[in-house]
Amino acid sequence: MLELRPNCEWCDRDLPHDSAQTRICSYECTYCVDCVENVLHDVCPTCGSNFVPRPIQPKAAHRDTLSLGLGHDPASTRREHSRWTVEQVADLSEKLRAIAPANR
């Protein structure tokens, strides 16, 4: 189950559970599309992977036999913030952004 973090870990922009502007890496680090494109250059500052759009979790369960949806698994309210400095992000991004994600 995805954690559905509520904010961009770089600029702290609100990213509601249904935001189409949310990007995540393979470890669920969460950033807004603007920071991914213009600051991180599609390089996660933690693991070095790329980003993909975060899926939008259904609001309700659509199968009677399963406890799914936001009603059962609500979005997180705990805000996360990147531990990396501007310089560290720039260094890793410069090192990896020209390498295809599959080859990183």
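Here is a short report on the structure shown in this document. This is a predicted model, so every value here is computed, not measured.

Cut-off values and rules
Residues numbered from 1 in each chain as written. Predicted model: local features only at pLDDT ≥ 70, side-chain atom pairs only at ≥ 80, totals over all residues. Heavy atoms only, no water. Pairing = 2+ DSSP bridges. Helix = DSSP H or I, 4+ residues; strand = E, 2+ residues; numbered from the N terminus. Salt bridge = Lys/Arg side-chain N within 4 Å of Asp/Glu carboxyl O. Buried < 20%, exposed > 50% of the residue type's maximum accessible area, 1.4 Å probe, protein only.

**A word on the sheet that holds strand E1 (residues 22-24)**
Okay, so step 1: The antiparallel open sheet is built from three strands, whose spatial order is E2-E1-E3. Each edge of the open sheet carries a strand with a single partner, namely strand E2 (30-32) and strand E3 (52-53).
Okay, so step 2: In terms of strand pairing, E1 meets E2 through three bridges, oriented antiparallel. For Arg-23, the partnering residue across the bridge sits in E2 and is Tyr-31.

**Here we look at the pattern of salt bridges**
Okay, so step 1: Under the definition given, this model contains seven salt bridges.
Okay, so step 2: The shortest N-O distance in the salt bridge between Glu-3 and Arg-5 comes to 3.0 Å.
Okay, so step 3: Among the salt bridges present, the one from Arg-5 reaches Glu-9, with a minimum N-O distance of 2.8 Å.
Okay, so step 4: Judged by relative accessible area, which is 12%, Arg-5 ranks as buried.
Okay, so step 5: Because the salt bridges share partners, they merge into one network encompassing Glu-3, Arg-5, Glu-9, Arg-78 and Glu-80.

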